[in-house]
Each structure stands twice: as C-alpha cells, then as structure tokens.
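Tertiary structure, described
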Amino acid sequence: MKKSITLLTFMALLCGSGFAKDLKTVIFTTQPQMHCASCENKIKQNLRFEKGVKQIETVLDSQLVKVKYDASKTNEQKLIKGFKKIGYTARTVKPGVKVAKQEGQACSNM
C-alpha cells in the first residue's frame, strides 16, 4: 500500500511538471512617462487583462515597467499593443538601463 501511494505521488509530480509554463520577463519604458501613483495604477490595472500576463511591477523612479508573462499566450509585441490601448507608447529596455525622467510633461491621470 505504501509503495502504491509513493508511486502515485511520484507520477502526479511527474505529470504536473509537463504543464510547466514558459514564463518570460520583459522590461518596458513608456511615453508619456509615469508621473505618479495614478499613472502606475492605470498601467497595472489595465495591462493585467492582457492574455498571459502573470505579474506587473512598476518603478516610478526609474520609469520602468517589468512584466512577467506566459510566452505560450502572448509576446512583447502584443504587450506593446496593450500599452497602446491605454494611451502609452512602450518600448523594451535591457535590464540595468536607466531612463532619464523628463520634466515638464503634464500628467493626465490626476
């Protein structure tokens, strides 16, 4: 009996690993830039509805949006279109890149 339970547990774990998702992470910067918490919330609240998006992290100080997504359901180009739907032009940036904050832009989210 104990061997049967161990075998079933092992098989369940083995089958579960076959469904592992291909998660990728991409970093974007936006135009217009994020100015406040309302800008961050607008991006987070709307982009989360894009198919395959698993996690969104915004960093106001560095003007970056980090998105973790399921590559079997979406890609970077589709995510860029998601930004466009909410009024932002997005471009990918390499990890560690610093984006200069532009002064003088008005915030339309306040």
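Structural notes, computed from the coordinates. Bear in mind that the values here come from a model prediction, so they are computed numbers and not experimental data. (Residues numbered from 1 in each chain as written. Predicted model: local features only at pLDDT ≥ 70, side-chain atom pairs only at ≥ 80, totals over all residues. Heavy atoms only, no water.)

It is worth spelling out a positive patch on the surface at this point. A grouping of Lys21, Lys51, Lys54, Lys73, Lys78 and Lys81 is seen on the molecular surface, where their side chains present a positively charged patch. Looking at where lysine 73 falls in the secondary structure, it is placed in the loop between β3 (64-70) and α3 (76-85). (Patch = residues over 30% accessible without salt bridge, like charges linked within 9 Å, V, L, I, M, F, W, Y side chains within 5 Å. Areas by Shrake-Rupley, 256 points an atom, 1.4 Å probe, with all protein chains shown as cover. Salt bridge = Lys/Arg side-chain N within 4 Å of Asp/Glu carboxyl O. Lys, Arg positive; Asp, Glu negative; His and termini not counted. Charge placed at Lys NZ, Arg CZ, Asp CG, Glu CD. Helix = DSSP H or I, 4+ residues; strand = E, 2+ residues; numbered from the N terminus.)

Moving on: the sheet that holds strand β1 (residues 23-31). Strand pairs in the sheet, formed through backbone hydrogen bonds, run parallel or antiparallel to each other. Reading across from one edge, β2-β3-β1-β4 is the order of the 4 strands in this open sheet, with antiparallel pairing throughout. Bordering the open sheet on either side are β2 (53-59) and β4 (89-93), each of which pairs with just one other strand. Ignoring strand direction, the axes of neighbouring strands in this sheet form an average angle of 30 degrees. As judged from the 5 bridges shared by β1 and β4, these two strands associate in the antiparallel manner. The residue of β4 that forms the bridge with threonine 29 is arginine 91. Its contacts with the sheet put helix α2 (residues 37-47) on β1, β2 and β3, and the angle it makes with β2 is roughly 175 degrees. Along the sheet, α3 makes contact with β1, β2, β3 and β4, crossing β1 at roughly 35 degrees. (Pairing = 2+ DSSP bridges. Axes fitted to C-alpha atoms, helices over the stretch in contact; angles between N-to-C directions. Contact = heavy atoms within 4.5 Å.)

Before going further, it helps to examine unusual backbone geometry. Most of the time, phi is negative for any residue but glycine, and the peptide bond is trans. That bond from glutamine 31 to proline 32 is cis: its omega, 0 degrees, falls within 30 degrees of zero. Here proline 32 is to be found in the loop between β1 and α2. Phi angles above zero are rare outside glycine, and glutamine 63 is one such case at about 60 degrees. With respect to the element layout, glutamine 63 can be found in the loop between β2 and β3.

Here we take up the state of the cysteines. Applying the stated rule across the entire model yields 0 disulfides. No disulfide involves cysteine 36; its sulfur sits 3.6 Å from that of cysteine 107, the nearest cysteine. Judged by its relative accessible area of 14%, cysteine 36 falls in the buried class. Note on cysteine 39: no disulfide assigned, nearest cysteine sulfur contributed by cysteine 107 at a separation of 3.4 Å. (Disulfide = S-S within 2.5 Å. Buried < 20%, exposed > 50% of the residue type's maximum accessible area, 1.4 Å probe, protein only.)

A separate point is the environment of serine 38. Tracing the sequence through the fold places serine 38 in helix α2. You can call serine 38 partly exposed: its relative accessible area is 31%. As a C-alpha pair, serine 38 and serine 108 span 70 residues in sequence and 9.3 Å in three-dimensional space.

For threonine 58, the position within the fold is in strand β2. Judged by relative accessible area, threonine 58 falls into the buried class, the value being 10%. Polar side-chain contacts of threonine 58 include one of 3.0 Å to the side chain of glutamate 40. For threonine 58, the residues in contact, after removing those within four places along its chain, are Met34, Glu40, Ile43, Lys44, Leu64 and Val65. (Polar contact = N/O pair within 3.5 Å; in protein donor to acceptor, adjacent residues only side chain to side chain.)

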